[in-house]
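Summary of structural features
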Number of protein chains: 4
Amino acid sequence: MIVILKHQATQEQIADLKQYFMDQGLRMDETRGDHATVWCLLGDTSRIDADLIANLDAVDAVRRIQEPFMKASRSYHPEDTVVDCGGVQVGGGLFQMIAGPCSVETEEQIITIAKAVKAAGATLLRGGAFKPRTSPYTFQGLQADGLRLLKLAKRETGMPIVSEIMDAAHLDLFEDVDVIQVGARNMQNFELLKALSHTGKPILLKRGLANTIQEWLMSAEYLIAGGNDQVILCERGIRTFEAVTRNTLDLTSIPVLKEKTHLPVLVDPSHATGAARLVKPMAMAATASGADGLMIEVHNDPMNALCDGAQSVTPEQFADIVRRVNAIRDVVKG
Amino acid sequence: MIVILKHQATQEQIADLKQYFMDQGLRMDETRGDHATVWCLLGDTSRIDADLIANLDAVDAVRRIQEPFMKASRSYHPEDTVVDCGGVQVGGGLFQMIAGPCSVETEEQIITIAKAVKAAGATLLRGGAFKPRTSPYTFQGLQADGLRLLKLAKRETGMPIVSEIMDAAHLDLFEDVDVIQVGARNMQNFELLKALSHTGKPILLKRGLANTIQEWLMSAEYLIAGGNDQVILCERGIRTFEAVTRNTLDLTSIPVLKEKTHLPVLVDPSHATGAARLVKPMAMAATASGADGLMIEVHNDPMNALCDGAQSVTPEQFADIVRRVNAIRDVVKG
Amino acid sequence: MIVILKHQATQEQIADLKQYFMDQGLRMDETRGDHATVWCLLGDTSRIDADLIANLDAVDAVRRIQEPFMKASRSYHPEDTVVDCGGVQVGGGLFQMIAGPCSVETEEQIITIAKAVKAAGATLLRGGAFKPRTSPYTFQGLQADGLRLLKLAKRETGMPIVSEIMDAAHLDLFEDVDVIQVGARNMQNFELLKALSHTGKPILLKRGLANTIQEWLMSAEYLIAGGNDQVILCERGIRTFEAVTRNTLDLTSIPVLKEKTHLPVLVDPSHATGAARLVKPMAMAATASGADGLMIEVHNDPMNALCDGAQSVTPEQFADIVRRVNAIRDVVKG
Amino acid sequence: MIVILKHQATQEQIADLKQYFMDQGLRMDETRGDHATVWCLLGDTSRIDADLIANLDAVDAVRRIQEPFMKASRSYHPEDTVVDCGGVQVGGGLFQMIAGPCSVETEEQIITIAKAVKAAGATLLRGGAFKPRTSPYTFQGLQADGLRLLKLAKRETGMPIVSEIMDAAHLDLFEDVDVIQVGARNMQNFELLKALSHTGKPILLKRGLANTIQEWLMSAEYLIAGGNDQVILCERGIRTFEAVTRNTLDLTSIPVLKEKTHLPVLVDPSHATGAARLVKPMAMAATASGADGLMIEVHNDPMNALCDGAQSVTPEQFADIVRRVNAIRDVVKG
């Protein structure tokens, strides 16, 4: 940790702060510049509250040397993590396409869509059973019954399945779900993260709407620190002033994450844009930016979908996306 | 709901959409302008997915006439709601000061601070037992033991208590807590909101870092729709590009909320600014903007606080804040 | 224009507002719904201040039917505009690569780089002479002399040149510059836009850091309304809470713009990311999203560049980018 | 400047970088920690491009010790600057109210309003002659004629006048204007700032919609570095995701600025909120936060204002605001 003292810091303030750091078992190297004095603290600074020190009268600024995430960082674990999702592997150069409806609605709906997306090239099936909805008055998902139907579609097609959890109390219901999704609004639901860290399940961790890349990796750290290193990140757009699209898809986060972490990174262009006609260009762009896979909402009858029909592409549109995404993969690897 | 059709919409598209709305049991008034055709839909449009319609080729834009929240809105409930917090009332002109440490640390700490803030003018005592921390490696709160100590301080001072819940599974522990706080990161934890809507407890609902005022009122709607109308809103800053303060305190939200909703609105200048020296001016500004109360972190020894010492004021500083805030209340009411 | 009246609007307020609109020469269609009355105003509403009406006590909301930009819109001009940049054409399927240093530094530097980027596949040469710098103490560009050297490089290589203008008073100096760039900070410098609208020069209009797509098109409208329809848009990132990259590159703006406007749209991944190692993936992603071209900073000696070395790629890196971008173009078109 | 090296930096990279800094005439103190090596650079680092160094493979992070603004900083100039605005002084405890219409429209209008705001307690008169409008099709101000009428109102009432400049080419017209305003969109129009730095006129520098406090002070630094230290800052809201108000008024910037700079700081609640009914609470809140004055739009007939009627208060409302603001000033000072 580096502490930059203010030019106006008094001798007494400096002596007090020096004593405080020594009481915490730290040593310090001091550099006196023309404009400021700088301390480099040595020892275990993890318990020091950097904000507290930064707000002292005598202190101009504080900077941590180490990133606050460790097990999620590439310096701790240089090789790419490959996550096994019920037999389908993602990361380390293995690219996967997750597809399916926003919500599971009926047995016929989910099985029809599952077969269609498999035929078009999807390797994992998504389907929502527990739905986080902004309004208490809209469809909240089929819940346990939705998971039952999703498992039927898995049996029918052989595709591993991905579904979102909203409360640790529902964990028992997710026993046969291959990948458990944590939605954007729960990225910092730390109690849920702790509960999931004690399972052996792959976790698909979406980025929160207002969360920095560092906070996102800290949430991954919660999972890994608790014992679960099967973590997949998923960029799905952040909230900005631009309202013409639902969110602003931050594709630069992909190469940045590939530097900072060993975890695989997917992109969800459906939620990011909120509009079916924008899914294709953004799926292609996400692939070109270096993503390890995509998650795309597909519905056979978007006009009558119970949820998010506006952003669902048809199976035919999905097949065209798969074809172009594969061609772009060749350019990225080539 | 108003639907504006595109100039280029084909006759077939228009006929299909008309049929779709009639199938949903809706009627429509049509206005043909020089540049566009506008439909005003009549009937129960609550099940129509506005985003879906807005993304159709034939449609230029869709606008709902009604706000999506109802029970939280002032047009539904014109009088101010007054929330009873263990005998202390907030809202409808009754202004309250919540104060106390970020975290409960020891019996001596919480009782000392409780007595000090009461003497200085606080009417409710806050203290964190379950702490949402960005890092899994930092102090996570004393949990059940923290609530036990907080209740001791309540018995000692007679002040009603406020503490944050992080998981519905902990609800039993909050039986003697007077006001249950939902933190910013859980504002859209809908499973938690549903569980809290079935209690009779006052809920202090903080604004999420990236949440609009409308989304915030929709979360209040979850609570009221489930049966709990004892809801207090608390502005605590939003996330913007400005990094010099931890968050950007959105004080204009206060008069806007007083128009849109009947619920009381507090402000938390401690979390908003993240810096003790900024708490006083922002507490005064919040009061001047029309807030129904404040929530302020106070610690007797900020340098050794286990959590958020940087933003904690001392009891002496708090007393000065109370004095000035009361004087500003007189100007607001006068 | 659509006006939604509040449920609580009084008869007198309604009568006054009706009279106001009639005085402005407008007619209105009225729809009375269960919850609100809606007026569709007919006639020339362009002089009505929508914000003023929306803030009246009797009014719930106002919505314009027409986009406020006209000549920049695709509905006004359905075919793609192709802009001729000194013999090199961009738009309408014609993709171009602009490359060169942030600043022109010396004759040797600009000519060396010009030859290198031409060999690598660039079709236009960029070079800054007037530099908008945040600090008054940093290098402000060679100014008139920089333009002179840039023209030497044009003569030497035959490449048309692009350079930024900061003040209409400098227009004379830009006579032989093929494309005049308006930087992000000047996107709403309306006096500069008016002056440029009276030239016949192609204008490269960068998006402002905090500007919506609609505001950006309104600035293009200033240029076209004044008589200059040779406008090229350039996305270069917007300002958000994420600080790990300099800006957040909003690639979804590309397909959105292709719908809304007929103007060509480029992307500048150098300024968007601020880091040379991120330029390649984001150049590829921008191409995949449907951009009509790229603008990339290239320097033969980034460590000793006088400006923005951190984001400059070497000519060798640029050649690799061109190769991959061309391969992605094939996928987009195919 | 502090440079933190990466753990994985090679000996060769470190040697090269050391040589680079020595070539720039710098010395360095080195601290080797358990996780990283830290260099404190000594000497004139102002020409070092921190972004360039931060993006090198061997470097983890770079931090400047000094703020990049100097003459605007309070450590350079500890006493409050008091700016003389045609005989009315602002700063150093002297609080002023600027009021008047968004645009000068007619002689009768400006003189009527000038007399009314003077009677209500305003000390400076504002009135726009050159108007930055998002659309080329809306009223652009009376320009030279507007300034002529504004000067008539000054002669009539004795109030010093404030008006916005949009282009340095208009400077001659502002000779008898007491305070020249630089609007939000021109905060980083560096050519305009340079031109204004050579005048002796007080400059009211508004904060840009997407500009940080540091960038704002850098723009003030442009003015002071060029020779004009008569600078007044004016907070007017920043752009965020919240769309219910036009901008988000960042009142925490006021106490932050009072620490960082000696310049007076005003607040404009009219542009920040865009709604007349929100001006009163936010004017009061701004005063409570420690502002040195306010700038408020007042119009005698808001419904028929040519510009921004929605945010204009009447003279009667303004008089009530003045009364309450003065009472809050007493609490702040008390």
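What counts, and at which threshold
- Residues numbered from 1 in each chain as written.
- Chains lettered and ligands numbered in written order.
- Predicted model: local features only at pLDDT ≥ 70, side-chain atom pairs only at ≥ 80, totals over all residues.
- Heavy atoms only, no water.
- Least-squares fit on C-alpha atoms with pLDDT ≥ 70 in both.
- Disulfide = S-S within 2.5 Å.
- Contact = heavy atoms within 4.5 Å.
- Buried area = accessible area lost by both parts, 1.4 Å probe.
- Salt bridge = Lys/Arg side-chain N within 4 Å of Asp/Glu carboxyl O.
- Polar contact = N/O pair within 3.5 Å; in protein donor to acceptor, adjacent residues only side chain to side chain.
- Helix = DSSP H or I, 4+ residues; strand = E, 2+ residues; numbered from the N terminus.
- Nonpolar A, V, L, I, M, F, W, Y, C, P; charged D, E, K, R; others polar.
- Core = buried A, V, L, I, M, F, W, Y, C linked by side-chain atoms within 4.5 Å.
- Buried < 20%, exposed > 50% of the residue type's maximum accessible area, 1.4 Å probe, protein only.
- Phe/Tyr/Trp six-rings, centres within 6.5 Å; stacked < 30°, edge-to-face > 60°.
- pLDDT = per-residue confidence, 0-100.
- Pairing = 2+ DSSP bridges.
- Axes fitted to C-alpha atoms, helices over the stretch in contact; angles between N-to-C directions.
- Parallel < 35°, antiparallel > 145°, perpendicular 65-115°, else oblique.
- Left-handed = near helix turned anticlockwise from the far one by under 90°.
- Patch = residues over 30% accessible without salt bridge, like charges linked within 9 Å, V, L, I, M, F, W, Y side chains within 5 Å.
- Areas by Shrake-Rupley, 256 points an atom, 1.4 Å probe, with all protein chains shown as cover.
- Expected span 1.5 Å × (residues − 1).

Let us now look at the relation of the copies chain A and chain C. Mapping chain A onto chain C leaves a residual RMSD of 0.1 Å; the transformation is a rotation of 180° accompanied by 0.0 Å of translation along its axis. Both copies are brought into coincidence by an operation consistent with a two-fold rotation axis. The rotation axis passes nearest to the C-alpha of Ala285 of chain A in chain A, at a distance of 2.0 Å.

Evaluation of the coordinates by the stated rule reveals zero disulfides over all chains. Here Cys40 of chain A stays unpaired: no disulfide links it, and the sulfur of Cys40 of chain D, its closest cysteine neighbor, is 4.6 Å away.

Before going further, it helps to examine the interface of chain D and chain B. Of the residues lining the interface, 39 residues belong to chain D; the matching set on chain B comes to 38 residues. Note on chain D versus chain B: buried area summed over both sides is about 3000 Å², and carbon and sulfur give 69% of it. Three residues stand out in chain D for area buried against chain B, namely Phe241, Thr252 and Val331 of chain D, and they jointly supply 20% of the buried area on that side. For the pair chain D and chain B, the number of links is four salt bridges. Notably, a salt bridge pairs Glu242 of chain B with Arg207 of chain D, separated by 2.8 Å at the nearest N-O pair. Linking chain D with chain B are twelve residue pairs in polar contact (both at pLDDT 80 or more), by the criterion used here. Every element with two or more residues in the side of chain D that touches chain B is listed here: helix 7 (253-260), helix 9 (276-288) and helix 10 (315-333) of chain D. In terms of residue class, the side of chain D that touches chain B is built from 20 nonpolar, nine polar and ten charged.

Turning our eyes to something else, we now look at the nonpolar core. Counting 299 residues, the largest nonpolar core has Phe318 of chain A, Phe318 of chain B, Phe318 of chain C together with Phe318 of chain D as the members making the most contacts within it. Discounting chain neighbours no more than four positions away, the residues touching Phe318 of chain D are Met97, Ala99, Val117, Ala120, Ala122, Ile296, Val298 and Val313 of chain D.

As a further point, take the packing of aromatic side chains. One pass over the structure, following the stated rule, counts 16 aromatic pairs over all chains. Consider the rings of Tyr20 of chain D and Phe21 of chain D, whose centres lie 5.8 Å apart with planes at 65°: the pair is edge-to-face. With relative accessibility at 15%, the residue Tyr20 of chain D sits in the buried group. Put simply, the rings of Tyr20, Phe21 and Trp39 of chain A touch in pairs and so form one group of aromatic residues.

As a further point, take the interface of chain A and chain C. Taken together, the contact pairs 39 residues of chain A with 38 residues of chain C. When the two sides are added together, the surface that chain A and chain C hide from each other amounts to roughly 3000 Å², 69% of it contributed by carbon and sulfur. Sorting the residues of chain A by area buried against chain C places Phe241, Thr252 and Val331 of chain A first, and these three jointly supply 20% of that buried surface. Summed over the shared surface of chain A and chain C, the number is twelve residue pairs in polar contact (both at pLDDT 80 or more). Breaking the side of chain A that touches chain C down by element, the ones donating at least two residues are helix 7 (253-260), helix 9 (276-288) and helix 10 (315-333) of chain A. Here the residues of the side of chain A that touches chain C are counted per class, giving 20 nonpolar, nine polar and ten charged.

Of the two same-sequence chains, chain D is brought onto chain B (RMSD 0.0 Å, axial shift 0.0 Å) by a rotation of 180°. Of the interface residues in chain D, 97% have counterparts in chain B that sit at the interface too, so the contact is made through matching surfaces.

With 100% of its residues at a pLDDT of 70 or more, chain A has an overall mean of 93. Interface predicted TM-score (ipTM) for the complex: 0.93; the corresponding pTM is 0.94.

Residues and elements named next belong to chain B. If you walk around this closed barrel you meet the eight strands as 7-8-9-10-11-12-13-14, and the pairing is parallel. Each neighbouring strand pair of the sheet contributes to a mean axis angle of 30°, computed without reference to strand direction. Summarising the sheet, strand 11 (residues 203-206) and strand 12 (residues 231-235) pair through four bridges and their orientation is parallel. Note on strand 12: the bridge partner recorded for Lys206 is Cys234. Those strands touched by helix 7 (residues 253-260) are strand 12 and strand 13 (265-267), and its axis lies near 170° from that of strand 13.

What follows concerns the packing of helix 3 (residues 107-120) of chain B against helix 4 (residues 144-157) of chain B. In a packed pair of helices, the relevant descriptors are the angle between the two axes and the axis-to-axis distance. Residue and element names in this part refer to chain B. Where helix 3 meets helix 4, the axes come as close as 9 Å, and the angle between the chain directions of the two elements is 40°. For the element pair helix 3 / helix 4, the angle class is oblique. As for the relative orientation of helix 3 and helix 4, their crossing is right-handed in sense. Seen from helix 3, the contacting residues are Glu107, Ile110, Ile111, Ala114, Lys115 and Lys118; seen from helix 4, they are Leu149, Leu150, Leu152, Ala153, Glu156 and Thr157. Of the residues that constitute the contact of helix 3 with helix 4, the class distribution is seven nonpolar, one polar and four charged.

To continue, consider unusual backbone geometry. In the Ramachandran plot, Gln143 of chain C falls in the positive-phi region, its phi being about 60° despite a non-glycine side chain. Here Gln143 of chain C is to be found in the loop between strand 8 (124-126) and helix 4 (144-157).

On to the sheet that holds strand 8 of chain C, then. Hydrogen bonds between backbone atoms are what pair the strands of a sheet, whose relative direction is either parallel or antiparallel. All names here are of chain C. With parallel pairing, the eight strands of this closed barrel are ordered in space as 7-8-9-10-11-12-13-14. Strand after strand, the sheet turns through a mean of 30° between neighbouring axes, direction not considered. In this fold helix 4 packs onto strand 8 and strand 9 (161-165), with an angle of close to 165° to the strand it touches most, strand 9. Helix 10 (residues 315-333) contacts strand 7 (96-100) and strand 14 (293-297) of the sheet and is inclined by roughly 170° relative to strand 7.

Looking now at a nonpolar patch on the surface. Together, Met70 and Tyr76 of chain A together with Tyr137 of chain B line one region of the surface with nonpolar side chains, adding up to about 330 Å² of accessible area. Examined against the element boundaries, Tyr137 of chain B turns out to sit in the loop between strand 8 (124-126) and helix 4.

What follows covers helix 3 (residues 107-120) of chain C. Residues and elements named next belong to chain C. Under the 1.5 Å per step criterion, the end-to-end length of helix 3 is 20 Å for 14 residues, consistent within 8% with the ideal 20 Å. Along helix 3, the residues classified as buried are Gln109, Ile110, Ile111, Ile113, Ala114, Val117 and Ala120. Gly121 occupies a position one or two residues after helix 3 and carries a positive phi of about 120°.

All names here are of chain A. With burial as the criterion, each face of strand 10 (residues 179-182) is covered, one bearing Val179 and Gln181 and the other bearing Ile180 and Val182. Pairing of strand 9 (residues 161-165) with strand 10, which is carried by four bridges, proceeds in the parallel orientation. Within the sheet, the bridge partner assigned to Ser163 lies in strand 10 and is Ile180. Sheet topology places strand 10 next to strand 11 (residues 203-206); three bridges connect them, and they run parallel. Across the sheet, Val182 pairs through a bridge with Leu205, a residue of strand 11.

We now examine the pairing of strand 1 (residues 2-5) of chain D. Residue and element names in this part refer to chain D. Residue alternation in strand 1 divides its side chains into two sets, Ile2 and Ile4 and Val3 and Leu5, and both sets are buried. With three bridges joining them, strand 1 and strand 3 (residues 37-42) adopt antiparallel strand pairing. Within strand 3, the position partnered with Ile4 by the bridge is Val38. Pairing of strand 1 with strand 4 (residues 59-63), which is carried by four bridges, proceeds in the antiparallel orientation. Along strand 4, the bridge assignment pairs Ile2 with Arg63.

Residue and element names in this part refer to chain B. Looking at where Gln13 falls in the secondary structure, it is placed in helix 1 (residues 11-23). For Gln13, a relative accessible area of 27% translates into the label partly exposed. Taking C-alpha positions, Gln13 is 8.2 Å from Asp57, a pair spaced 44 residues apart along the chain. When sequence neighbours within four positions are dropped, the list of residues in contact with Gln13 reads Gln8, Asp57 and Ala58. Within the local environment of Gln13, its side chain forms a polar contact with the backbone nitrogen of Thr10, the two atoms lying 3.0 Å apart.

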